[in-house]
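Close look at the chain arrangement
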Amino acid sequence: MFSFRLEQLAKQLDARLHGDGDLAITGIASMNSAISGQITFLSDKKLQKNLLECKASAVVMTEEGLEHWNGAALIVKDPYLAYAKLAQYLDTTPAPAKDIATSAVIDSTAQLGSNVSIGANAVIESGVILGDDCIIGAGCFVGKNTTIGAGTKLWANVSIYHNCIIGENCLIQSGTVIGADGFGYANDKGKWVKIPQLGRVVIGNNVEIGASTTIDRGALDDTIIGNGVIIDNQCQIAHNDVIGDHTAVAGGVIMAGSLTIGRHCLIGGASVINGHMEICDQVTVTGMGMVMRPITQPGVYSSGIPLQENKVWRKTASLVLHIDEMNKRLKALEKKLLNVST
């Protein structure tokens, strides 16, 4: 078990220390479950009342929060951001692999940087380049001539096809497939003729990709994921898609091919986005959005009908089915009114 003095954590977060700097902190927890020896955080003013029952030894909060707390605290401007940094500092997650397992299969032409770890039964094919401090988890497959930058981690059973490029300090969760064939076929009198996918997947630095996500290789040009992009679990990124720097994609999103998404966008969970079009920078698509046309102006976009009671939804659906008829009647009435007024 680790233990840090509260004063150490204050320096780590560049926070103002309030209270006893010698307090020993042995963990981090939510406000409701924290016990003595642990630190928690308060980022929502609505939860200030919970401080009365909080048993944590210290709380990360703003100056305003001190009015509701008598214990030790770390004072910051953004408690949630400070919590994220603190959680990294106190992280006890084990590494995906340590050293190089004897059961790993590594081609003699592969180039391994210093301090590389490769887990059991991983396969590293010919021409692969692994940068310094790379960690390749158990059962991973890294295809021919793929390059993986320094400090990147692959959890167990990640598959990376040939010729892909992955940047530095990336994190790829289990079950993800990078560089599989895109959905490319020509039709010959009702029969499908496969189009070999000759492009690559090129991923920038500091990218995180969730579990069981698929990123297809390009047909001719590359599929490109920019720096600092975060992609959640079970997403489908089709061939030749381009995702700009620092865009975030929530779980279950499906992107069709040849789509370009700008920088600093937020794509809500379970959204479906049409291909062969562009979404500009700083666009937010709320959950379950269906994006069928280009978006050229930054802003927040939504579609779909929010959840309703079944009886209300049935009436709404009935009205939608008759909307064309109602539109025709409305135009007819407008025409009559126009004739009367003239």
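This section reports on the structure supplied with the text.

Parameters and conventions
Position numbers for residues start from 1 in each chain and track the written sequence from start to end. Restriction of local features to residues with pLDDT of at least 70 applies here, the model being predicted, together with a cutoff of 80 or more for giving and counting side-chain atom pairs; totals for whole chains, interfaces and linings are based on all residues. Side-chain metrics rest on all non-hydrogen atoms present in the structure, leaving aside hydrogens and water. Two strands qualify as a pair provided DSSP detects at least 2 bridges between them. Only DSSP runs of H or I covering at least 4 residues are called helices, and only runs of E covering at least 2 are called strands; the numbering of each starts at the N terminus. Only protein chains enter the calculation, and the probe is 1.4 Å; a residue is then buried if its accessible area is under 20% of its type maximum, exposed if over 50%, and partly exposed in between. What the arc covers is the set of directions going from the helix axis to the C-beta atoms. Here a residue-residue contact requires only that any non-hydrogen atoms of the pair lie within 4.5 Å. Any carboxyl oxygen of Asp or Glu within 4 Å of a side-chain nitrogen of Lys or Arg constitutes a salt bridge here.

1. Comments concerning the sheet that holds strand S10 (residues 117-118)
The ten strands are arranged S10-S13-S16-S19-S24-S27-S30-S33-S36-S38 in an open sheet whose pairing can be described as parallel. Edge positions in the sheet fall to S10 and strand S38 (299-301), since each has one partner strand and no second. Pairing geometry for strand S30 (residues 248-249) and strand S33 (residues 266-267), over two bridges, is parallel. Bridged to valine 249 within S33 is isoleucine 267.

2. Considering helix H2 (residues 79-89)
Residues Pro79, Ala82 and Leu86 constitute the buried set of H2. Summarising the axial view, the buried residues of H2 lie within an arc of 60 degrees, below the 170-degree limit, and thus occupy one face. The outward face of H2, more than 90 degrees from its buried face, is lined by the exposed residues Tyr80 and Gln88. The inward-facing, buried residues of H2 abut helix H1 (6-13), strand S4 (27-28), strand S5 (38-41) and strand S6 (58-61).

3. Description of unusual backbone geometry
Even without being a glycine, asparagine 157 presents a positive backbone phi close to 65 degrees. Relative to the helices and strands, asparagine 157 is located in the loop between strand S16 (153-154) and strand S17 (159-160). A positive phi angle, near 60 degrees, is found at serine 212, a position not held by glycine. Among the secondary structure elements, serine 212 is positioned in the loop between strand S24 (208-209) and strand S25 (214-216).

4. Concerning the pattern of salt bridges
Counted under the stated rule, the structure contains eight salt bridges. The partner of glutamate 7 in a salt bridge is arginine 5, with the nearest N and O atoms 2.6 Å apart. Residue classification places glutamate 7 among the partly exposed residues on the basis of a relative accessible area of 30%. We classify arginine 5 as partly exposed; its relative accessible area is 33%. Where glutamate 63 meets arginine 16, a salt bridge forms, and the shortest distance between an N and an O atom there is 2.8 Å. Placement of the pair is glutamate 63 in the loop between S6 and strand S7 (72-75) and arginine 16 in strand S2 (residues 16-18), with a sequence separation of 47 residues. With a relative accessible area of 38%, arginine 16 lands in the partly exposed category. A network of salt bridges, in which partner residues are shared, links Arg5, Glu7 and Asp22.

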